[in-house]
Structures are given as C-alpha cells and as structure tokens.
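Observations on the three-dimensional arrangement
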Amino acid sequence: MSENLYDLLASRFPQDRAKPCFLLSDGGVVSYGDLEAGAARVAGRLVAEGVEPGDRVALQAEKSADGIMIYLGVLKAGAVFLPLNNAYTSAEVDYFLKDAEPRVFITDPASWVNEAMRHPPLEAAVSRTGGDLASLIYTSGTTGRSKGAMLSHGSLAANALALHEAWGFTADDVLLHALPVFHVHGLFVALHCALLSGCPLVWLPRFADAEVLAGLKQATVMMGVPTFYTRLLANPGFTRELASGLRLFICGSAPLLPSTFAEFEERTRQRILERYGMSEAVIITTNPLAGGRVAGSVGYPLPGVDLRIGGDGQTGVIEIKGPSVFSAYWRMPEKTAEEFTADGFFITGDVGRRDPDGRVWISGRAKDLIISGGYNIYPKEVELVFDELPGVTETAVVGAPHPDFGEAVVAVVMGQGDEAAMIAEARRQLAAYKTPKRVIFVDELPRNAMGKVQKNLLRERYADLFRG
Ligand code: AMP
C-alpha cells in the first residue's frame, strides 16, 4: 500500500467536500473540494511537465491557499516540496537552487495554479513508501552553509498523527493560522493538524493585530511563536472574553518567557501549551493537553520519541531518536554522520535537562543561534557581511533580549562607522529579520586565551539594550 502523505491527509478530508478549509481574510472561502481539485491539477501539470518522483519543486512566495495546493500537488505527484523563505534575497535563493537543483521553481503560485487548471487532474497519488523523501527543509548552518533536512512521507505522517492525537483536534475545531508556511511550524505542525481533522483554518497572510483579533472570534485553537503572544498581550483588545472562545493556545519555535506565560494566564485564565521542535524532527516534546502545563518547560517527548541528555546526563545536549527524525542532510553525508551518535541518536544542539518524571527543560543552545520573532539567525552569516564593510576590522553578532522579538540581532563591530548607514548596507545583502537592529562600535572584542571572541560576555553586556 502506498504511504504517500497526500493519501493520509486526503483520507481525513470531510465527507462533504463543500466544507470550508481556508477562511480568507477578505471573506473568501476555499473549500476542501477546491483544495483537492487544485492539488490534483497541480499534480497533473507537474507530471505533464515531466516531473518525476523524487524531483524537487521549489516555492518562494507570499503565503496563500494556492501555495498549499502546490504543496499538496507536489506530494501527490511523488515529488519533493522545497519551501523557501520569501524574505530571502536572490543571492540567498541562488544557493538553495544550486544545492537542491529543483526541477521547477515557482514564485507566482496564483498564476501557476491557474495554468495548472488547464491540465487534466492526476487522479491517484503516485505511490510512495514511508521512507521516500517528501520535503526538503533548509536550516541555516553555523559555518555559513545551509543544510537541507530530508523529511520523508513516513516521518511527516507519524508526527502529524501524534500531534493530532496529543492536542485533541476534532472536526469541530477552527485553527487560527497566522504563521509563515516556509517553515515546519506553519507548514507541517499547524496545517497537518487541521487537514487531519478536516476542520477550517482562519488563514491569515501574517500576524497583524486587527486581523488576528477578528480571527480569534471564530477560532478554537491558535498556534504561534512567542512573539505572537507578546503582541496579543500588548493589545488591550485581547480580552479574557475573546480568549474564552478558544480551547487551546499552542506556542513554540523559540523559548516562551515565563513572564509571558504568567501574564497570559492572568489575562485569560488559560495556560499556553508550549512545545519544542526543529526542522530536523518537526515536534519532539509537548506539554500535556490535560494536566500540568508548566512555564519554562517544553513538556514530555511525544509517543515513540526516545530523548536523552548527552554528557553526564544532568544538563547537556539533547539527543533524540524516533519516527519523525529526518534521515540525512541533503548531499552532506559527512555533516549527517557528525550529527548522529554511533547508536543512531540525532544530536540536536539544544542544551537541556529532564526531571525524574521525564519532563524536559531547555536551557539554551549549544551553538549561538539567535531566534528573533521566531526566525533563526546564525550569527556567522551576518558577521561575514559586516566584516566586508569599510571601517570594520571584525564583527561579533549576538542576540539581545527584546520585548517584541524575543531576541534582536546586535552587531558588535571592532572599528568605526555610521550605524544607520551600516544597517542600510547590510539590509541590501540580508533578509530584514537577519539585519541587526543595532550596531555597537568597540575598540576591542573580549576574547579568551585562545583568541576566540567570548560571545557570552557580549550577551551579558548588551542584555539591557532593548529594555527601556
Ligand atoms: P528550526 O529548525 O528553525 O525549527 O529551529 C529549531 C530550534 O528552535 C531548536 O533547535 C531550538 O533551539 C529552538 N526551539 C524551538 N522550540 C523551542 C522551545 N519551545 N523552547 C526553546 N527553544 C525552542
């Protein structure tokens, strides 16, 4: 039997295909029938254009329902979906295209789907086994090179089914979806839970206060990054009464501050359910739906996930094994080998600990990843841009706590120059979310005896930069 993820998702669509799938902010509705028909035409066009099973299809575009038709059509055709952040510059995109060698690269989903409607639909999904590649998700590399995490039909299906169960989704739910869909959170975690329930999604192109507040009136579940919750709390229109229509608020992709958790509970009398995941494994742990949701903890491993703490077993790097863990980094056998232990555990790079009952706490990141507004930024990439600017000897990029973004990017520059001009120049080469919010000029960077810059000292020094 085929284990194509498309078949699993479609098997859960509502019997009555006229039921709404996407509730659009302009009042429009895309039904499950529309989605199914669109995916079949997309798959038909891909096959007609010679796309074969295993070929990559890349999409870089604003979020839209057409984009999801493309995603599902790619799965149905047995091809591999490669979503690209729409904030990437053309230089950044070039790297992904060269590395992944997609057969098709789509940047205008509406007209691509329109054209696909002229092709005969592909009736049956192309047969796939659980181990066949479904999607390639790029994670930035600390050494500059981005790695493509290879996720199979089986791994995505296993995770989707586990989450659907763990979070109690039913056909009566309505999911508020304001997340981007080039990342596992919006594309897999949120979308798959809704599709497996055959329930509607309030489909917002991005997080905008007014639209989210309006959407919450219809929703029963919201998924977001911590920034979404701090923004809601900053808005007096987000009231206990408004929140009372929802049964569940889920948060992840970056640490949720205990103060946000507490403020949210005070405002709404509800506790945010925090979970922990990553591109390489989708969701790994979650707080329970029933029972204790604890501030600052990411809960327990999902069923089937084997989680252990490396090193001395106290606080150390989290290692995982389980059905949703990726198989390899695309065309990087050495990198893949480095990040798995001899007994097959993936070394996540996150540092954490476990309570005797198994509850997991994350205390930091082994590497220096910055997470701003839910997006990952690897300092090295930003440093390389700054190091080339006139007047700059060396740069150290760190994250500083920020009330809105969680962390904000700060460039500490050995040298001299004009802060605003440097930010503007960096912005020409980097996506907005990677561009530093502040540049600080220093005579010397703090270093250890080996000459390595001590970023922990910089983080301490600038911890209050964005605190009023
Ligand atoms: P990404 O691959 O972009 O999804 O980023 C994954 C990283 O985000 C993880 O390795 C963690 O460092 C971080 N992360 C995700 N969820 C949480 C969470 N709930 N708490 C702390 N860190 C998180």
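Residues numbered from 1 in each chain as written. Predicted model: local features only at pLDDT ≥ 70, side-chain atom pairs only at ≥ 80, totals over all residues. Heavy atoms only, no water.

Evaluation of the coordinates by the stated rule reveals 20 aromatic pairs. On the numbers, 4.9 Å between centres and 55° between planes, the contact of F13 with Y32 is tilted. Of the two residues, F13 is situated in the loop between α1 (5-11) and β1 (20-24) and Y32 in helix α2 (residues 32-48); the sequence distance between them amounts to 19 residues. The exposure class of F13 is buried, given its relative accessible area of 5%. A centroid spacing of 5.4 Å and a plane angle of 35° characterise the contact between F326 and F340, whose relative ring orientation is tilted. Placement of F326 in the loop between β16 (316-321) and α12 (333-338) and of F340 in the loop between α12 and β17 (346-354) is noted, with a sequence separation of 14 residues between them. (Phe/Tyr/Trp six-rings, centres within 6.5 Å; stacked < 30°, edge-to-face > 60°. Helix = DSSP H or I, 4+ residues; strand = E, 2+ residues; numbered from the N terminus. Buried < 20%, exposed > 50% of the residue type's maximum accessible area, 1.4 Å probe, protein only.)

In the neighbourhood of the ligand, 15 residues make up the surrounding shell, with E274, R275, S279, D350 and N376 lying closest. Taking R275, its main chain carries an N or O atom lying 2.8 Å from a nitrogen atom of the ligand. Looking at the shell around the ligand element by element, the count peaks at five residues for strand β12 (residues 273-278). Of the residues contributing to the shell around the ligand, the split by class is six nonpolar, five polar and four charged. (Near = heavy atom within 4 Å. Polar contact = N/O pair within 3.5 Å; in protein donor to acceptor, adjacent residues only side chain to side chain. Nonpolar A, V, L, I, M, F, W, Y, C, P; charged D, E, K, R; others polar.)

This part is about the packing of α2 against helix α5 (residues 109-116). Between two packed helices, both the angle of their axes relative to each other and the distance between the axes serve to describe the pair. Running from amino to carboxyl end, α2 crosses α5 at an angle of 80°, the nearest separation of the two axes being 8 Å. In terms of orientation, α2 lies roughly perpendicular with respect to α5. Contacts between α2 and α5 pair R41, V42, R45 and L46 from the former with W112, V113, E115 and A116 from the latter. Taken together, the residues of the contact of α2 with α5 break down into five nonpolar, no polar and three charged. (Axes fitted to C-alpha atoms, helices over the stretch in contact; angles between N-to-C directions. Parallel < 35°, antiparallel > 145°, perpendicular 65-115°, else oblique. Contact = heavy atoms within 4.5 Å.)

Okay, the pattern of salt bridges next. The final tally for this structure, using the stated rule, is 22 salt bridges. Between R331 and E101 there is a salt bridge, and its shortest N-O distance comes to 2.7 Å. Here the residue R331 occupies a position in the loop between β16 and α12, and E101 occupies one in the loop between α4 (90-100) and β5 (104-106), the gap between them amounting to 230 residues. On the basis of relative accessibility, which here comes to 44%, the residue E101 falls in the partly exposed class. Linked by salt bridges that have partners in common, K147, K335, E338 and E339 make up one network. (Salt bridge = Lys/Arg side-chain N within 4 Å of Asp/Glu carboxyl O.)

Right, let's get into the environment of W203. Mapped onto the elements of the fold, W203 is located in strand β9 (residues 201-203). Using a relative accessible area of 4% as the deciding quantity, one classes W203 as buried. Here the alpha-carbon distance between W203 and G168, two residues 35 residues apart in the chain, equals 20 Å. Non-local contacts of W203, meaning those with residues more than four positions away in its chain, are made with F22, L23, L24, S25, K63, S64, A65, I68, H177, V181 and L191.

Moving on to the layout of surface pockets. Within this model, the second largest pocket holds a volume of roughly 820 Å³. Every residue lining the second largest pocket is counted, 41 residues in all, and those nearest its centre are P180, F182, P205, R206 and Y375. Elements with a contribution of two residues or more to the lining of the second largest pocket: α3 (65-76), β4 (80-83), α7 (184-197) and α9 (226-234). Along the lines of polarity and charge, the residues of the lining of the second largest pocket split into 22 nonpolar, 13 polar and six charged. Each of domain 1 (5-360) and domain 2 (369-461) gives at least three residues to the lining of the second largest pocket. (1 Å grid on protein atoms, 1.4 Å probe; cavity = no way out; pocket = protein on both sides within 12 Å on 5 of 7 lines; lining within 4 Å. Points joined across faces, edges and corners; volume = space filled by probe spheres on them. Domains from an automatic or database assignment.)

Below, the discussion takes up the pairing of strand β13 (residues 282-286). Most of β13 sits out of view: five of its five residues are buried. With four bridges connecting them, β12 and β13 associate as antiparallel partners. When the sheet's bridge partners are listed, R275 is paired in β13 with T286. Between the end of β12 and the start of β13, which pair antiparallel, lie three residues. Where β13 meets strand β14 (residues 297-301), two bridges bridge the pair, whose relative direction is antiparallel. Residue pairing across strands places T285 opposite P301, the latter belonging to β14. (Pairing = 2+ DSSP bridges.)

So, on to the packing of α3 against α5. The N-to-C vectors of α3 and α5 enclose an angle of 55°; their axes lie 8 Å apart at closest approach. Relative to α5, the element α3 lies oblique. For the pair α3 and α5, the crossing hand works out as left-handed. Contact with α3, carried on its side by D66, G67, M69 and I70, involves P109, A110, W112 and V113 of α5 and no other residues of that element. The residue makeup of the contact of α3 with α5, split by class, is six nonpolar, one polar and one charged. (Left-handed = near helix turned anticlockwise from the far one by under 90°.)

This part is about the domain arrangement of the protein. Assigned domains within the protein: domain 1 (5-360) and domain 2 (369-461). On a C-alpha basis, the centroid separation for the pair domain 1 and domain 2 is 29 Å. In this assembly, domain 1 packs against domain 2 so that about 1300 Å² is buried in total across both faces, 54% of it on carbon and sulfur atoms. Counting the contacts that link domain 1 with domain 2 gives two salt bridges. Here domain 1 is connected to domain 2 by four residue pairs in polar contact (both at pLDDT 80 or more). The biggest single contributor to the side of domain 1 that touches domain 2 is α9, with three residues. (Buried area = accessible area lost by both parts, 1.4 Å probe.)

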